[in-house]
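So you can see what is in the structure, the chains are spelled out below.
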Amino acid sequence: MNFPQTRMRRTRMKKFSRDLCRENNISKSNLILPVFVRPGTQGAEEIGSMPGVFRHDSNSLLKICESALNIGIPAVAVFPIVQGSQKSASASSAWDASGLVPTIVRSIKKNFPELGVITDIALDPYTLDGQDGLCNNLGEVDNDATIAALIKQSLCHAEAGTDIIAPSDMMDGRIGEIRKSLEQMRFTNVMILSYAAKYSSSFYGPFREAINSKSSLGISDKHSYQMDPANVSEAMREVALDVSEGADIVMVKPGLPYLDIISKIRDRFDCPVFAYNVSGEYSMIKAAAQNGWLDERKVVMEAMLSFKRAGASGIFTYHALDVAKWLT
Ligand code: PBG
């Protein structure tokens, strides 16, 4: 039926009917707060390119975790800043049981057992060259040697009590091998959140500055394992493989420039889909807001809703504490 029988504006005219007709909502239970932890006891240090985001020491990190839990954020994702002396060609600090990540995981789970803890599985904070994997003598990231290292890192995190391990490295076959090892070691309930469709993106710039891996990476790139931003079908194959290998949840990263990928995965697969609203997306909004060019609260809430509309149920976002506050 056409105009005037159909007037699309009728239901939009009043707030109550707009509310009743709303198809998607963002709630606190969709949020995951990524947090950065550094060694020592120097407190919190703001990250230059990410205003409002800090490199924490263990005390200030626990305070942030407490705020997140109290305000109703279900989970945090922990990323370490690793000292130069702990980096090596073999990345062996990545599975040191007394390292930064396992130590902070034990302490978060002890203090706030209900708060979900997600840890990143990838070697970039621990390698000298800032690559997510180990290099062979040709300088190529060696897939199968890397898997062996990722298994050790995964078991180390599981042992420390992490709820969800999140392989973000994009090696082939790692989900299956990690799942097999977790089962063998009886970590049967540790979830795997696979960064299944992770693109080789320039939106990760501020994150690499945050964890000091930017200078290690130098002019190199991650194109040999992260996906080409031009590809869609390839993302579907990645997701199918990771689900068949035992991933519980799949992730798309970055977020906003890749909403089409989230939506396609949602249509084709029945597993939960998460989105990573990455550092560069955060910094763009912050910079514009600081200049008075955008209304931060309104654009952030609109961006959050767009993730829900596309089909994501969990959203990694550096805005999580603000969003939760605005929803309170
Ligand atoms: C690396 C990793 C990256 C991010 C999360 N894990 C960066 C990269 O792949 O170089 C980026 C997150 C962000 O930009 O917020 N394993």
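Residues numbered from 1 in each chain as written. Predicted model: local features only at pLDDT ≥ 70, side-chain atom pairs only at ≥ 80, totals over all residues. Heavy atoms only, no water.

1. Overview of the site of the ligand
Link 1 in the chain: With respect to spatial proximity, 17 residues lie near the ligand, and among them Arg-208, Lys-222, Lys-253, Ser-279 and Tyr-318 are the closest.
Link 2 in the chain: Contact between the ligand and Lys-198: an oxygen atom at 2.7 Å from a side-chain N or O atom of the residue.
Link 3 in the chain: With the chains in place, 100% of the 410 Å² that the ligand exposes on its own is no longer accessible. (Near = heavy atom within 4 Å. Polar contact = N/O pair within 3.5 Å; in protein donor to acceptor, adjacent residues only side chain to side chain. Areas by Shrake-Rupley, 256 points an atom, 1.4 Å probe, with all protein chains shown as cover.)

2. Things to note about the side chain of Thr-146
Link 1 in the chain: Among the structural elements, Thr-146 can be located in helix α4 (residues 143-160).
Link 2 in the chain: Note on Thr-146: relative accessible area 0%, which makes it buried.
Link 3 in the chain: A distance of 2.6 Å separates a polar side-chain atom of Thr-146 from the backbone oxygen of Asp-142.
Link 4 in the chain: Ignoring sequence-local partners within four residues, the contact set of Thr-146 consists of Leu-123, Asp-132, Gly-133, Leu-134, Val-141 and Met-171. (Helix = DSSP H or I, 4+ residues; strand = E, 2+ residues; numbered from the N terminus. Buried < 20%, exposed > 50% of the residue type's maximum accessible area, 1.4 Å probe, protein only. Contact = heavy atoms within 4.5 Å.)

3. Observations regarding the layout of surface pockets
In this approach the atoms are scanned with a rolling probe the size of a water molecule, which exposes any empty space left behind.
Link 1 in the chain: Looking at the largest pocket, its volume works out to about 200 Å³.
Link 2 in the chain: The wall of the largest pocket is formed by 14 residues, among which Leu-33, Gly-52, Val-53, Tyr-318 and Leu-321 lie closest to the centre.
Link 3 in the chain: Contributions of two or more residues to the lining of the largest pocket are made by β1 (31-37), β3 (50-56), α10 (279-290) and α12 (320-327).
Link 4 in the chain: Residue classes in the lining of the largest pocket are distributed as 9 nonpolar, 3 polar and 2 charged. (1 Å grid on protein atoms, 1.4 Å probe; cavity = no way out; pocket = protein on both sides within 12 Å on 5 of 7 lines; lining within 4 Å. Points joined across faces, edges and corners; volume = space filled by probe spheres on them. Nonpolar A, V, L, I, M, F, W, Y, C, P; charged D, E, K, R; others polar.)

4. Regarding a positive patch on the surface
Link 1 in the chain: Together, Arg-7, Arg-9, Arg-10 and Arg-12 give the surface a local cluster of positive charge.
Link 2 in the chain: Along the chain, the position of Arg-9 falls in the segment before α1 (15-21). (Patch = residues over 30% accessible without salt bridge, like charges linked within 9 Å, V, L, I, M, F, W, Y side chains within 5 Å. Salt bridge = Lys/Arg side-chain N within 4 Å of Asp/Glu carboxyl O. Lys, Arg positive; Asp, Glu negative; His and termini not counted. Charge placed at Lys NZ, Arg CZ, Asp CG, Glu CD.)

5. So, the nonpolar core
Link 1 in the chain: Counting 75 residues, the largest nonpolar core has Val-76, Ile-108, Ile-261, Ile-262 and Ile-265 as its most contacted members.
Link 2 in the chain: Counting residues per element, this core draws most heavily on α4, at 6 residues.
Link 3 in the chain: If we ignore the near neighbours within four places in the chain, the residues touching Ile-261 are Ala-197, Tyr-199, Asn-231, Val-232, Ala-235, Met-236 and Val-252.
Link 4 in the chain: In terms of nonpolar packing, the next biggest core, distinct from the first, is built from 26 residues, Ala-75, Ile-118, Ala-166 and Met-251 among them. (Core = buried A, V, L, I, M, F, W, Y, C linked by side-chain atoms within 4.5 Å.)

6. As for empty space enclosed by the protein
Link 1 in the chain: What the rule picks out here adds up to 3 cavities of 30 Å³ or more.
Link 2 in the chain: Taken as a whole, the largest cavity spans an internal volume of roughly 130 Å³.
Link 3 in the chain: Forming the boundary of the largest cavity are 15 residues, of which Asp-124, Ser-168, Lys-198, Phe-207 and Lys-253 lie nearest the centre.
Link 4 in the chain: Of all the secondary-structure elements, those providing two or more residues to the lining of the largest cavity are β4 (75-80), β7 (191-198) and α6 (205-210).
Link 5 in the chain: Class assignment for the residues of the lining of the largest cavity results in 7 nonpolar, 1 polar and 7 charged.
Link 6 in the chain: Size it by volume and the second largest cavity reaches roughly 50 Å³.
Link 7 in the chain: In terms of lining residues, the second largest cavity is bounded by Val-78, Pro-80, Val-101, Thr-119, Asp-120, Ala-122, Asp-124, Pro-125, Tyr-126, Gln-153 and His-157.

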